[in-house]
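This is what each chain is made of:
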Amino acid sequence: LPLVALDIMAHELTHGVICATAQLTNSGENGAIAEGLADVFGVCVEKYAKPNNGNNLWKMGEDVAVVRNLASPDCKYYLGNGWVNTSDLNNDNGGVHTNCGVLGYWFYLLVNGGTGSNESGMSKYVIGIGFDQAIQICYLMITSYLSSSSTYNDVRTCSILAAQQLGYS
């Protein structure tokens, strides 16, 4: 069964944008960032094409078979439960399709906000800023801040810089 769904096609096309701008690779932590950003843009394209998709919006490929769920990924936190060793390139190029959940979940929280506790028991309270501002931050990160050597720590820094450049507090 070929995986032909709007969000998956947008995901794959985003890899082209990422390759031409940030030049993220397809392995280890760097590859997880690329996969996460491609998921983000897949969700965003579907959001604007299917605005009434509800909770399915956060599920990549739900039209054919759910590939990943950004609202509830297998790995939500950097080095947390489900994190794949990034140096084990025999395991999905260092876990790129699992560890990308960290960025996908970050985007989900950035859009919607959320409360609760992380895996360390620390309370979290995030105020969502909505799709329009969140995707502008992501696009600016890809086109102006991230590079082929970026790590999740860089994503944190670059997202703050992008938000500041866009005038968001």
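The structure reproduced in this document is the subject of the present report. What you are looking at is a predicted structure, and each value in this text was computed from that prediction instead of being measured.

1. Considering helix α2 (residues 28–49)
With 22 residues, α2 extends 32 Å from end C-alpha to end C-alpha; this agrees with the ideal 32 Å at 1.5 Å per step. The element α2 is extensively covered by neighbouring structure, given that 18 of its 22 residues are classed as buried.

2. Notes on the nonpolar core
Counting 37 residues, the largest nonpolar core has Leu37, Val40, Phe107 and Leu146 as its most contacted members. Where this core is concerned, the elements lending two or more residues are α2, α4 (101–112), α5 (131–145) and α6 (152–165).

3. A look at the packing of aromatic side chains
How two aromatic rings sit relative to each other is set out by the distance from centre to centre and by the angle between their planes. As enumerated under the stated definition, the model contains nine aromatic pairs in all. On the numbers, 5.8 Å between centres and 65° between planes, the contact of Tyr78 with Tyr152 is edge-to-face. Of this pair, Tyr78 sits in the loop between β2 (68–69) and α3 (92–99) while Tyr152 is found in helix α6, placing the two residues 74 residues apart along the sequence. With a relative accessible area of 42%, Tyr78 lands in the partly exposed category. Ring-pair connections join several aromatic residues into one group, and the members of that group are Trp58, Tyr77, Tyr105, Phe107, Tyr108 and Phe131.

The rules we used
- Residues numbered from 1 in each chain as written.
- Predicted model: local features only at pLDDT ≥ 70, side-chain atom pairs only at ≥ 80, totals over all residues.
- Heavy atoms only, no water.
- Helix = DSSP H or I, 4+ residues; strand = E, 2+ residues; numbered from the N terminus.
- Expected span 1.5 Å × (residues − 1).
- Buried < 20%, exposed > 50% of the residue type's maximum accessible area, 1.4 Å probe, protein only.
- Core = buried A, V, L, I, M, F, W, Y, C linked by side-chain atoms within 4.5 Å.
- Phe/Tyr/Trp six-rings, centres within 6.5 Å; stacked < 30°, edge-to-face > 60°.

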